[in-house]
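# Residue-level structure breakdown
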There are 2 protein chains.
Amino acid sequence: MSDLEALPTPALLLDLDRAERNIERMAGRARELGVALRPHVKTHKCLELGRLQLDAGAAGITVSTLDEARAFAAAGFDDLTWAFPVILSRVDECRELAERVTLRLVVDSDVAVDALERTGAAFRVSLKVDCGYHRAGVDPGDPAAVRLVERIAASPTLRFDGLLSHSGHAYKCETTEEIRRVAAAECAVMSGLADRLRGAGIEVPTVSVGSTPACTLADEMPGVTEIRPGNYVFFDYMQVVYGTCSAADTALSVLGSVVSSRPDLGHSVVDAGALALSRDPGPSSAPRPTMGETFESYPAAELSPDLRLVSLSQEHGILSRPLPVGTRVRILPNHSCLTAACFDEYRVVRGDRLLGRWRIHRQRS
Amino acid sequence: MSDLEALPTPALLLDLDRAERNIERMAGRARELGVALRPHVKTHKCLELGRLQLDAGAAGITVSTLDEARAFAAAGFDDLTWAFPVILSRVDECRELAERVTLRLVVDSDVAVDALERTGAAFRVSLKVDCGYHRAGVDPGDPAAVRLVERIAASPTLRFDGLLSHSGHAYKCETTEEIRRVAAAECAVMSGLADRLRGAGIEVPTVSVGSTPACTLADEMPGVTEIRPGNYVFFDYMQVVYGTCSAADTALSVLGSVVSSRPDLGHSVVDAGALALSRDPGPSSAPRPTMGETFESYPAAELSPDLRLVSLSQEHGILSRPLPVGTRVRILPNHSCLTAACFDEYRVVRGDRLLGRWRIHRQRS
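Residues numbered from 1 in each chain as written. Chains lettered and ligands numbered in written order. Predicted model: local features only at pLDDT ≥ 70, side-chain atom pairs only at ≥ 80, totals over all residues.

So, on to the overall build of chain A. Across its full length, chain A holds 12 helices and 17 strands. The C-alpha atoms of chain A give a radius of gyration of 22 Å, which matches the 21 Å a tight globule of 365 residues would have. Dimensions of chain A, computed from the C-alpha atoms along their principal axes, are close to 70 × 40 × 35 Å. For chain A, the residues scored as buried account for 57% of the 365 residues in total. Partitioning the intrachain contacts of chain A with sequence separation of at least 6 by distance along the chain shows that 63% fall at a separation of at least 24. (Helix = DSSP H or I, 4+ residues; strand = E, 2+ residues; numbered from the N terminus. Rg over C-alpha atoms; globule rule 2.2 N^0.38 Å. Buried ≥ 20, exposed ≤ 12 C-beta atoms within 10 Å, placed from the backbone. Contact = placed C-beta atoms within 7 Å.)

The following block contains the structure:
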């Protein structure tokens, strides 16, 4: 019996062979592109994976919350970018953390700069730029963007670190060609703004961009100094649909068991629901609606042509076919970042051999 | 300045006045209906709230995972129903737990009965019945249902505890009248099967049903001995839409802050995304698509006519209007059970006074 056959379910499996390949491949991409790599650890929230990324040459890490930042800082990670517009009510926490590590912050408003300046701390601050995703960030064509940078650069306390963007709209593309165009446009916007700032006499140390699709597919990244992809460490079904990876590259899966079967209804129930997979509906461009695909074979990584999760409630997943109670199913989640945040630990595997447990720092205080 | 104005965001607020009222009201409902109340703690995963439910007269608790069961058992809760079809790979964990507390299990297959019998332990076992939700459970009209009960009742080790159903299809109703019909049909199905079993000479100690909509609205529950609602402790926007509560009854909200504002795009960004709210899309019968509504006033509990979350990514929520950076927003989640499972603790409040922190036992090992 393999280790996996006896493992209590649901369990979150981390395929270490694949994760290592993904980490190595993105590190190689960064070298080819001539940019620094600062992986976003919001995907894995795991110290061991962060260390593998640093060992492969990452220049530092990116976090999405201060809880992540503190967990990694406590473990010796000493150069962290919090790639989220500063939360005003957490500025004191930022100051405390910045006394222990290099903490890089991101702003897109005068109000945030006011709050940072009031602390008197020497924060490193980047400008969040909207490169076309239209979520947060300043409009790069708005003269206010340049004025805000001028203000940071002239601040008696703050230090201007550069420009930062996230091409999240790459996740709305239907073809890899479209994703390449998004990546090229992001670079053009960012290097254009950097050039204007330099023309105004402002030093721009960092031009940081990123999204796993753009960083995986871009042919070149002129004017960029740093990339911050996160999802690539695991990939997921979403990335398979986008064409940025194959199912054989995906390193995260949920092992579930059939707990109930109803041939009369044409389905079975598996012990992986919304709190094991998240309720991410996946990409609208998927060939069919799914809350999770399943592997027909592993490690060959054939996805089943017809067995998938058609709906989820809190702890129940509805499989598209009746299967005998006790059948074990390996599920490829739609969105690995949200799935990882459902568990406290990875079960680390090579093939079907269990190596151990790695903690997921998903605390939210 | 109120306690809440200084609180770092995002924060999960538990309005204790409201939760206490909800707990008292459902306890009163159970007394009126002449049934035992065994609240489902999957909604709150919180020892303090479980104790309030017991103090109000609950006969025991219901859990959705063994992690929940262990957390509550360790704190002295000694009568627990795991209302999920037994996971075969966790039968040993069940045995260990059943040595310390009264653990009630649920099955709907011979395979599960086989697994329980193989342990030799004297498990209490209920039959999971499909009362029309069509998720798990046996078809109550299928002769196999009676045969499975006969087998459990005749088992040398197991003890037949009764019947158990969940009217999850109450969440698909469009009117309160429809919900009442679902509740009545659930009672009819369950008491009908119980009567047939008793006619066959089998003792049926418990007939357990439940869903917050059905338990809140049912006029009577003939033949039922126990209800297991969970969501009622908090309610949420979903329940407001279903008409089972008003916004002024909802006891759980997420306090967020605007971190970025884009008047040119007509939106702002708040620090509450998919990992603070879950990605539950809410009921399809909602007046408009929403990933979270907002309170215009509190505690008056007027919902804003136009400020809502239109989309979520991992840590970002997109608000439907531009608001100044730093504005604090109190968000009513679509689905409180999934939202609570995003955090490690409640910030317990009465009005705008902070009382303390209560832990959320969301571990998933």
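By a simple turn and slide, chain A fits onto chain B: the slide is 0.0 Å along the axis, the RMSD is 0.0 Å, and the turn is 180°. These values place the two chain copies in the arrangement generated by a two-fold rotation axis. Measuring from the rotation axis to each C-alpha of chain A, the shortest distance belongs to R279(A), at 2.7 Å. A symmetric contact is evident, with 100% of the interface residues of chain A recurring at the interface of chain B. (Least-squares fit on C-alpha atoms with pLDDT ≥ 70 in both.)

In this section: the interface of chain A and chain B. Listed by partner, the interface residues are 53 residues for chain A and 53 residues for chain B. Counting only elements with at least two residues in the side of chain A that touches chain B, the list comes to β4 (79–85), α6 (110–119), β10 (252–262), α11 (274–277) and α12 (336–340) of chain A. Of all the elements, β10(A) adds the most residues to the side of chain A that touches chain B, at four residues. In terms of residue class, the side of chain A that touches chain B is built from 22 nonpolar, 17 polar and 14 charged. (Nonpolar A, V, L, I, M, F, W, Y, C, P; charged D, E, K, R; others polar.)

The omega torsion across Y298(A) and P299(A) is 10°, close enough to zero to call that bond cis. Inspection of the secondary structure puts P299(A) in the loop between β12 (293–297) and β13 (302–312). Its identity as a non-glycine residue notwithstanding, K45(B) has a phi of 50°, on the positive side. At S278(B), a residue that is not glycine, the phi angle is positive and equals roughly 75°. Tracing the sequence through the fold places S278(B) in the loop between α11 (274–277) and β12 (293–297).

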